[in-house]
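What follows is the residue order along each chain.
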Amino acid sequence: MASWSSSLFRRELQLATRVGGSALVGVLFFLAVVTVIPFGVGPDLNLLARIGPAILWIGALLATLLGLDRLFQADRDDGSLDLLLMAGRPLELVVLIKCLAHWVATGLPLVAAAPVLAIFLNLEPTAIGAVTLTLLAGTPALTFIGAIGASLTVTLRRGGLLLAVLVVPLAIPVLIFGVSAADAAVSDPVPFLTPFLILCALTLIAGVIGPIASAAALRFSAD
């Protein structure tokens, strides 16, 4: 089981990094969002520092949406999804491995780029560390939630717009507690640990519900 899981993880990681350059495209889109918003807000550095965590989280959410439509679509197009369904392996475990590989290829580069992009928003070192930590804890939840939308739209040729409509409302709680935890790190009256633990709990819940719901949707689409 371990060798099969590691082989599947390496395969999915190679596909995620090879198809469309997902990691580079996501980071570039993340960069575009973070650099464009300050032009609309204006040159007020204090305002940028105050809304900086929210800008980074919104950019990470939008960048995550870019590659989600390819999470199961490529496997369905080349028949790999049918083979996975007939292989007798737990489909929930397959979806979990695919989500983890997708996050390592697309979500982890966003977390790595966040400290550099935070400098553009005049964030203090404490705020930069808090935003990076919350993104590290929260972006896997975005991937697991996105997997549900990707599995529901896998039969659609151009399901990217519908995928965004499905995923964004479900991702709002993650966004709220991610931004709240990052803001709490630089606001003394508000404790950092409470929203951060809730964010971690949301990621764990998404890690359980996401693969189960996605596997059920994939089985339904195959019937």
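Throughout, residues of each chain are indexed from 1 in the direction in which the sequence is written. Whole-chain, interface and lining totals are the exception, using all residues; otherwise, since this is a predicted model, local features are given only for residues with pLDDT of at least 70 and side-chain atom pairs are given and counted only at 80 or more. Values shown for side chains rest on all heavy atoms present in the structure; no hydrogens or waters enter the calculation.

Taking an unreviewed UniProt entry as the reference, the chain is identified by name as Heme exporter protein B belonging to Roseibium litorale. UniProt, in its Subcellular location (unreviewed entry) section for the chain, records the words "Cell inner membrane". UniProt positions are given in the numbering used here, feature names are shortened, and annotations may be inferred rather than shown by experiment.

Caption draft 1: Representation of the nonpolar core. Among the nonpolar cores identified, the biggest contains 54 residues, and Phe-30, Leu-56, Trp-57, Phe-72 and Leu-123 are the most heavily contacted of them. Runs of H or I in DSSP of at least four residues are treated as helices and runs of E of at least two as strands, each being numbered from the N terminus. Contributions of two or more residues to this core are made by helix 1 (2-18), helix 2 (22-41), helix 3 (45-66), helix 4 (70-78), helix 6 (91-120), helix 7 (125-152), helix 8 (160-184) and helix 9 (193-222). The contact partners of Leu-56, leaving out residues within four places of it in the chain, are Phe-30, Val-34, Leu-117, Ala-118, Leu-121, Leu-123 and Val-131. Residues grouped as a nonpolar core are buried Ala, Val, Leu, Ile, Met, Phe, Trp, Tyr and Cys residues, joined through side-chain atoms within 4.5 Å. Burial classes: relative accessible area under 20% of the type maximum marks a residue as buried, over 50% as exposed, and values in between as partly exposed (1.4 Å probe, protein chains only). Note on definitions: a residue-residue contact is assigned when non-hydrogen atoms from the two residues lie within 4.5 Å.

Caption draft 2: Structural detail: unusual backbone geometry. If you check the backbone angles, Asn-122 has positive phi at about 60 degrees while not being a glycine. Locating Asn-122 in the fold gives a position in the loop between helix 6 and helix 7.

Caption draft 3: Quick look at the packing of helix 3 against helix 7. Each axis is a line fitted through C-alpha atoms, taken for helices only over the stretch in contact, and angles between the N-to-C directions span 0 to 180 degrees. Close contact between helix 3 and helix 7 brings their axes to 11 Å; oriented N to C, the two are set at 30 degrees. The pairing of helix 3 with helix 7 is recorded here as roughly parallel in orientation. Every pair of crossing elements has a handedness; the one defined by helix 3 and helix 7 is right-handed. Every residue of helix 7 that contacts helix 3 at Pro-53, Leu-56, Trp-57, Ala-60, Leu-61 and Thr-64 is listed here: Val-131, Thr-134, Leu-135, Gly-138, Thr-139, Leu-142 and Thr-143. By residue class, the composition of the contact of helix 3 with helix 7 is 8 nonpolar, 5 polar and no charged. By definition in this entry, angles of less than 35 degrees are roughly parallel, angles greater than 145 are roughly antiparallel, angles of 65 to 115 are roughly perpendicular, and the rest are oblique. Helix crossings are classified by the rotation of the near helix relative to the far one: an anticlockwise turn of less than a right angle makes the crossing left-handed, while a clockwise turn makes it right-handed. Here the term charged refers only to Asp, Glu, Lys and Arg, the term nonpolar to Ala, Val, Leu, Ile, Met, Phe, Trp, Tyr, Cys and Pro, and the term polar to all other amino acids, Gly among them.

Caption draft 4: Region of interest: the UniProt feature "transmembrane region" (unreviewed entry) in the chain. In the numbering adopted here, UniProt assigns the feature "transmembrane region" (unreviewed entry) to residues 21-41, 47-72, 93-121, 127-148, 160-180 and 192-218. Helix makes up 97% of residues 93-121 and strand 0%. Its end C-alpha atoms lie 39 Å apart. Taken end to end, residues 192-218 comprises 96% helix and 0% strand; its first and last C-alpha atoms sit 38 Å apart.

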